[in-house]
Number of protein chains: 2
Amino acid sequence: MTDPTKMPTATAAAAAIAAGKLTALDLVETFLARVAEREPVVQAFAELDADGAREAARALDAAGHGGPLHGIPLGFKDIIATAGLATRYNSPIYADNVPQQDASVVALSRVAGGIVLGKTVTCEFANRAPGPTTNPHDKARTPGGSSSGSAAAVAAGMVPLALGTQTSGSVIRPASFCGVHGFKGSWGEISYAGTKLTSGTLDTIGIYARSLQDIALYRAVLTDTRPMNLQRGNVPAPRIGVYRTPFASQAGPGSFEALDAVANAASKAGALVADRSLPAHFGALNDAVRWISAWEGARSLAWEKSFHRDRISPDLRLGRIQDGEACTHEVYTANCRLAERCRLEFDAVFDDIDILLTLASPGEAPLGLKETGTAVFNAAFTALHVPCVTLPGHTGPNGMPIGVQVVGKRSTDHRLLEIAAWLEHVAL
Amino acid sequence: MTDPTKMPTATAAAAAIAAGKLTALDLVETFLARVAEREPVVQAFAELDADGAREAARALDAAGHGGPLHGIPLGFKDIIATAGLATRYNSPIYADNVPQQDASVVALSRVAGGIVLGKTVTCEFANRAPGPTTNPHDKARTPGGSSSGSAAAVAAGMVPLALGTQTSGSVIRPASFCGVHGFKGSWGEISYAGTKLTSGTLDTIGIYARSLQDIALYRAVLTDTRPMNLQRGNVPAPRIGVYRTPFASQAGPGSFEALDAVANAASKAGALVADRSLPAHFGALNDAVRWISAWEGARSLAWEKSFHRDRISPDLRLGRIQDGEACTHEVYTANCRLAERCRLEFDAVFDDIDILLTLASPGEAPLGLKETGTAVFNAAFTALHVPCVTLPGHTGPNGMPIGVQVVGKRSTDHRLLEIAAWLEHVAL
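Analysis parameters
- Residues numbered from 1 in each chain as written.
- Chains lettered and ligands numbered in written order.
- Predicted model: local features only at pLDDT ≥ 70, side-chain atom pairs only at ≥ 80, totals over all residues.
- Helix = DSSP H or I, 4+ residues; strand = E, 2+ residues; numbered from the N terminus.
- Rg over C-alpha atoms; globule rule 2.2 N^0.38 Å.
- Buried ≥ 20, exposed ≤ 12 C-beta atoms within 10 Å, placed from the backbone.
- Contact = placed C-beta atoms within 7 Å.
- Least-squares fit on C-alpha atoms with pLDDT ≥ 70 in both.
- Axes fitted to C-alpha atoms, helices over the stretch in contact; angles between N-to-C directions.
- Parallel < 35°, antiparallel > 145°, perpendicular 65-115°, else oblique.
- Nonpolar A, V, L, I, M, F, W, Y, C, P; charged D, E, K, R; others polar.
- Core = buried A, V, L, I, M, F, W, Y, C linked by C-beta atoms within 7 Å.
- Pairing = 2+ DSSP bridges.

As for the overall build of chain A
Assigned secondary structure in chain A consists of 14 helices and eleven strands. For 428 residues, the compact-globule estimate of 2.2 N^0.38 gives 22 Å, and the C-alpha radius of gyration of chain A, at 20 Å, lies within 12% of that figure. C-alpha extents for chain A along the principal axes are approximately 60 × 60 × 40 Å. Taken across its 428 residues, chain A has 63% of its residues classed as buried. Across chain A, contacts joining residues at least 24 apart in sequence account for 79% of those joining residues at least 6 apart.

Remarks on the relation of the copies chain A and chain B
You can overlay chain A on chain B at an RMSD of 0.0 Å; the transform is a turn of 180° with a shift of 0.0 Å along its axis. Such a turn and shift between the copies fits a two-fold axis. It is Gly200 of chain A whose C-alpha, among those of chain A, lies nearest the rotation axis, at 3.7 Å. Here 100% of the contact residues of chain A are again contact residues in chain B; the copies associate through an equivalent surface.

A closer look at the packing of helix H9 (residues 285-300) of chain A against helix H11 (residues 314-326) of chain A
All names here are of chain A. Contact geometry of H9 with H11 gives a least axis separation of 7 Å together with a crossing angle of 95°. By the angle between their axes, H9 is roughly perpendicular relative to H11. Each of Arg290, Ser293, Ala294, Trp295, Gly297, Ala298 and Arg299 in H9 lies in contact with H11, whose residues at this interface are Arg320, Ile321, Asp323, Gly324 and Glu325. Classifying every residue of the contact of H9 with H11 by side-chain character gives four nonpolar, three polar and five charged.

Brief notes about the nonpolar core
Within the largest apolar cluster, 278 residues are counted, with the highest numbers of intra-cluster contacts made by Leu161 and Leu357 of chain A together with Leu161 and Leu357 of chain B. Residues contacting Leu161 of chain A, with those up to four places away along its chain left out, are Ala10, Ile72, Leu74, Val154, Ile207, Tyr208, Ala209, Asp214 and Tyr218 of chain A.

A look at the sheet that holds strand S3 (residues 115-120) of chain B
What links the strands of a sheet is backbone hydrogen bonding, and the strands pair in either a parallel or an antiparallel sense. Residue and element names in this part refer to chain B. Pairing in this open sheet of eleven strands is mixed, and the strands run S1-S3-S2-S4-S6-S5-S10-S11-S9-S7-S8 from one edge to the other. Two strands bound the open sheet, and with one partner strand each, they are strand S1 (45-48) and strand S8 (272-275). In this sheet, neighbouring strand axes are inclined to one another by 25° on average, regardless of whether the strands run parallel or antiparallel. As paired strands, S1 and S3 are joined by three bridges and run antiparallel to one another. What sits directly across from Glu47, in S3, is Lys119. Where helix H3 (residues 50-63) meets the sheet, it contacts S1, strand S2 (73-77) and S3, and its direction lies at approximately 160° from that of S3. Lying on the sheet, helix H7 (residues 212-222) is in contact with strand S4 (161-166), strand S5 (181-184) and strand S6 (204-209); it crosses S6 at an angle near 145°.

What follows is the structure, encoded as structure tokens:
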């Protein structure tokens, strides 16, 4: 796949800086120029910190080469706390909120030499009510949500890497709509400390990038583990289960074509490819995510809903909060148990296959900016706590991007990225 | 059990206020008088908000009777955010931290009519380095930790209810040492939003009170579920498994005596009582808690350890943080999987029994204020995500309190409290 943005990846830029061919300040200026060009239409940033980024770049240039993200400009979904930089959750309740501390993921990024270029637009409290961000491929279409700004900023080449979060489908789906790589890790591995919590059972940090190697690089930083290159060449042809889901009727034009194209190319390249279904009770996982996120979300937002209810959108008030207030303890706990049982069973699915290949979104990004699309092909995998990656590279009937989703076994995130790299090499 | 503090429980005080026999302001003044008397020695409060509490009480009195905690003064462990009131985590890094928002549990408390009397002393970031709090029964002894101030404040009668948190044994053990009721709920039910996160897999909110009915009352508020009275009388004599743990050699004088006394009394009252062991791999859960909390904790504290390392105590730097930096991803995930597997297996334990009865602490509170005791009898149950309650009422050879721990099946917290009430009625 050729990258339409022509902007350097994080890996390439970090290598150029390490080789003395580029300074961190050069890189920041390059991306700021791109922001100046694209942001008026894309509107991916809730807050841009050009001066802070330049200052950080100068300090890094003065200090000499350091961590694996040395000099790389980054975007953070605006539910992630950044010391000294506004963090508003796309809610008027937090219009004046400037944290004194970084979230865990921001601190780990800075320690690795990363530069906070800005905060990216989120749906209100990472729920549904969207911000102004447009899809970089068509300004009349949604970028997806709730990590709208992070997906769009990376797709528009305004940052090489950005962080999002997923409680239902908020990382994987926007990546498909925007034509970038999206990654949601195994639940729990990347700390949520300092990121606005709504559902402790589901909330997971995710990464946007324009290459899988960049995702692997950033994942190592965020998990504070040893950086590893993706050994695409050393991965044997994988065993692939193609999962067509019980919700195929909700898929739009182009989505199954993309899935079949990847599956066929993988088969030709030697992968063992076969359709794979899941036990019937897995079909209830989407509903489980709805009830778990509602029960926990309505309680997590207790302060906001109790003392600033009139400044919460109807989308949230009449959606997740009302659902959460209506949900009984019995329904909540039954759904938690279902999700847990399915997690254990899903581990065993990987006895026969290496990855599950499925839809990342219902198809192309829908027209309009008031809705961010459905998480119907994502929510179950959030409940399953498994690593997922969106591989871009296909287009639908309107020329808009469509990605496919690759799902791995829990706690084998790096291996999933390696297999995804193999798949991308042979199929995209 | 007679209550040595002679202070009203939350349930009694709320009833008196509802009946017009007492105002919220009267109640606040009563508890403030108790604070004036006991706090100089006990030092349970990191921050007392006497004026704020009086103001809230006047507003409640003016508004008329409202929620189930109407007028009840409350203490919050100082890792729980309180709008407008300092929240310092017992760390100099946060000396000036005043949140703009309440944590979920604080907002739910206020909506129910509860009054924030103050913040209670925590160990640094709810880890090990203790604050100045003394045991209300002997100022030369630790109250336990990390929820030191909440346990001590309730034990000294300075508040009827206080919140703590447990990542290893930080709620149940201090309750035993201080002679009060402690409750840790099923993981996930009470939102951690706005409470300082260290381990997403383990961190759980807990309640201190001087009666089980008070715990049931507050739990309903914090889970935003319908208040229920404890139907002690309607509970049939339970089936009790007495769990003597693989760590009996670490128990001090008085602990097994308390356990046996409760078990014998229950048996005499008609309960089916038998020793119960757990599969051998459950013995590794204490280590699992150590590694999971270390891996996640070192990452959750990324900002503090990276930018303020010199202001972190050696206890934390050379303990959990160093452990977490040394722990590999493989060790971390293997321990997460062990805990998950044990959770599922532990559910089945309750096919034969209604509750597990075990030690709440190694015995009496140790002498000295530099250590808060060991979580050896608690950590496994934190990993198991099960509801646990400390029942006070026994004393050791030095006349210090010793509680027993009652453990229930996941997601049946209210039922656990009902059975505990039966047990308390017949045995204490």
